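So the chains spell out like this:
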Amino acid sequence: MLMAERLELRSLVIESDTTPSTTSPITPNVTSSPKTQIKILGLLLAAISSFFFSLSSLIVKWLKDIDPLELAAIRFVGILLPSLPILIYTKQNPFPKGQRLMLLLRAFAGATALSLVFYAIRHMPLADASVIVFSVPVIVAIFARIFLKEPCGLFHYLTLFLTMIGVILITRPPFLFGHSTQQYNFLGPLAALLSTFFAAIVYILLRALKNLHFSVIMVTFSAYAIIQTSTMAWATGNLCWPKCGTETILAIALGVFSFSGQILLTIATQLEEAGLVAIARTVDVVFAFLWQIIFFNEVPNIFSIIGAVLVTSSVVLIGLRKWMMSMPSTSSIRKKFGFLFL
C-alpha cells in the first residue's frame, strides 16, 4: 500500500476512537500490555510496515516488462482477498444506501493515486518518487482547510513551504535548473505530484465515510480499482499474464508484501498515536534510497538528498504536532513546544 492506502488505514483507526464500531476479528488485544511496551511495539511495527511497502515499490521498479496498471491491479487483488472474508463475517452491506457516490469517488481517487504512484516509480529514481509521494500529509492539511474548514496556521504554511522547496530540488524542472527539455522526462515527476493530490482527496473522503466499517470501504475500493486498472491496461494493450518464473514470483510477492505492510500498519496505529507512527514511517524514505543504490546502482545527487531531508522534516513536524495535540493541555511537553500549534 502505498501512500493512499497507508493514509486510509491510519484514518480509519483514528476515527474509530470517536465512533462506535464492532470489534474486528483481527484486532489484537493490547489493553493489558504495559504502556512502555506498547510504544516500542507500535513504533517497531510501523517501521517494519515501511520495510514491506518499500519492497513493494522495489518490485514495481524491477518488473519493467509488466505495465504499472497491471501491477496496480495485482496490488488491489491483494487488498480484496483478505478484506472480503471480514466483510462477510461482520455482515456488512458492501454498498450502503446514501454512501454509494462517496464510496465510488473514494475508489476512483484511490485507484488513480496508486496507479500514478506506480507510474512515477517506473519512470524516475525510486527514492525521488518515494519522497514526493511521502509528502501527502502536507497536502492533506491544505485540503482539510479548503474542504473541511479546519484551521490552517503559520505551522502549516511553513511545512508546505519546506515541502515545495524539497519537491523542486528533487524534480529539478528545466526552467529553473537549465536542463535540456529533450533530456528531461517530466512525466514521472508529474505522475508523482498528481498522485499526492488524489491521495489527499482520498483522506478527505475517508473523513466523510468515518462511520462505515473499514471492510466496506476496502472491498468497494479494491473491487472498483481492479476493474479500472485492468480495463485501462487492456485498452492500452498492456494486459498480460506474468511470465513463468521470476515475474510470477515477484508479482505474488507484491501482493504478499503489500498485505503484510497494511496489517502491520493497522496494528501499529492501534498501539500508538498516529503522529508517532507517521514519524516512525519516515524510514520508508531511507529504505528507498538504500534499494536505489543497492539494486539499481543509482547514487542520489546532493539536490535529491537535500530535497528528501526537507520533505521528511515536514512530515516529522506534522507527526510531532499530532502527537502533541493528543496530550493533555496541562502537559509540560505540549507547553514547551507550543509553537507547533501556531
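Definitions and cut-offs
Residues numbered from 1 in each chain as written. Predicted model: local features only at pLDDT ≥ 70, side-chain atom pairs only at ≥ 80, totals over all residues. Heavy atoms only, no water. Phe/Tyr/Trp six-rings, centres within 6.5 Å; stacked < 30°, edge-to-face > 60°. Helix = DSSP H or I, 4+ residues; strand = E, 2+ residues; numbered from the N terminus. Buried < 20%, exposed > 50% of the residue type's maximum accessible area, 1.4 Å probe, protein only. Lys NZ or Arg CZ within 6 Å of the ring centre and 35° of its normal. 1 Å grid on protein atoms, 1.4 Å probe; cavity = no way out; pocket = protein on both sides within 12 Å on 5 of 7 lines; lining within 4 Å. Points joined across faces, edges and corners; volume = space filled by probe spheres on them. Nonpolar A, V, L, I, M, F, W, Y, C, P; charged D, E, K, R; others polar. Core = buried A, V, L, I, M, F, W, Y, C linked by side-chain atoms within 4.5 Å. Contact = heavy atoms within 4.5 Å. Axes fitted to C-alpha atoms, helices over the stretch in contact; angles between N-to-C directions. Parallel < 35°, antiparallel > 145°, perpendicular 65-115°, else oblique. Left-handed = near helix turned anticlockwise from the far one by under 90°. Polar contact = N/O pair within 3.5 Å; in protein donor to acceptor, adjacent residues only side chain to side chain. Expected span 1.5 Å × (residues − 1). pLDDT = per-residue confidence, 0-100.

- You'll find the protein chain entered in an unreviewed UniProt entry as Solute carrier family 35 member G1, with Aphis craccivora given as the organism.

### Remarks on the packing of aromatic side chains
Move 1: Scanning the model with the defined rule gives nine aromatic pairs in all.
Move 2: Ring centres of F52 and F257 lie 5.8 Å apart, and the angle between their planes is 35 degrees; this geometry places the pair in the tilted category. Taken together, the residues F52 in helix α2 (residues 35-62) and F257 in helix α11 (residues 246-271) connect sequence positions 205 residues apart.
Move 3: Where F287 meets W291, the ring centres are 5.9 Å apart and the plane angle is 15 degrees; that geometry is what we call stacked. Remark: W291 and F287 occur in helix α13 (residues 283-296); sequence separation between them is four residues, near one turn of the helix. A single burial state applies to F287 and to W291, both of which are buried.
Move 4: An aromatic cluster is defined as three or more aromatic residues linked by ring pairs; in this entry it consists of F51, F52, W62, F257, F287, W291 and F295.
Move 5: Note that R106 overlies the ring of F221, its terminal NZ or CZ placed 4.0 Å from the centroid.

### Observations regarding the layout of surface pockets
Move 1: Reported here for the second largest pocket is a volume of approximately 350 Å³.
Move 2: Of all the secondary-structure elements, those providing two or more residues to the lining of the second largest pocket are α3 (68-89), α10 (214-235) and α11.
Move 3: For the lining of the second largest pocket, the element with the highest residue contribution is α3, accounting for six residues.
Move 4: Along the lines of polarity and charge, the residues of the lining of the second largest pocket split into twelve nonpolar, four polar and one charged.

### Brief notes about the nonpolar core
Move 1: Residues L71, F76, F118 and V131 are the most contacted members of the largest nonpolar core, which totals 68 residues.
Move 2: Take this core: its biggest share by element is ten residues, from helix α4 (residues 100-123).
Move 3: Sequence-distant contacts of L71, defined by excluding residues within four places in its chain, comprise V60, L63, I66, F118, R122 and L254.
Move 4: Counting ten residues, the second largest nonpolar core, distinct from the first, contains V136, I139, A199 and A200.

### A word on the packing of helix α6 (residues 136-147) against helix α7 (residues 154-171)
Move 1: The contact between α6 and α7 brings their axes to 10 Å, and the two run at 135 degrees. Taken as axis vectors, α6 and α7 run oblique relative to one another. The element α6 and its partner α7 pack so that their crossing is left-handed. Where α6 abuts α7, its residues V138, A141 and I142 lie against H156, T159, L160 and T163.
Move 2: Class assignment for the residues of the contact of α6 with α7 results in four nonpolar, three polar and no charged.

### Thoughts on the packing of α3 against α10
Move 1: Relative orientation of the contacting elements α3 and α10 amounts to 155 degrees, with a least axis distance of 8 Å. The pairing of α3 with α10 is recorded here as roughly antiparallel in orientation. Of the two possible hands of crossing, α3 and α10 adopt the one that is left-handed.
Move 2: Partitioned by chemical class, the residues of the contact of α3 with α10 number 20 nonpolar, five polar and one charged.

### Remarks on the side chain of T112
Move 1: By secondary structure assignment, the location of T112 is in helix α4.
Move 2: Look at T112 and you get buried, because its relative accessible area is 14%.
Move 3: Separated by 3.4 Å, the side chains of T112 and Q228 make a polar contact.
Move 4: Excluding anything up to four places from it in sequence, T112 contacts F198 and Q228.

### Some details on α6
One full turn of an α-helix is made of 3.6 residues, so residues set three or four places apart face in the same direction.
Move 1: In this model, α6 (twelve residues) spans 16 Å end to end at C-alpha, consistent with the 16 Å of a helix rising 1.5 Å per residue.
Move 2: For α6, the tally of buried residues reaches nine of twelve residues, placing the bulk of the element in the interior.
Move 3: Downstream of α6 by one or two residues, K149 has phi in the positive range, about 60 degrees.

### Notes on the confidence of the model for the protein chain
Move 1: In this model, the protein chain carries a mean pLDDT of 79, and residues with pLDDT of at least 70 account for 80%.
Move 2: Averaged pLDDT values over the elements of the protein chain bottom out at 44 in helix α1 (residues 3-16) and peak at 92 in α4.
Move 3: The model gives residues 1-38 a pLDDT under 50, and that stretch makes 77 contacts with residues more than four places away or in other chains.

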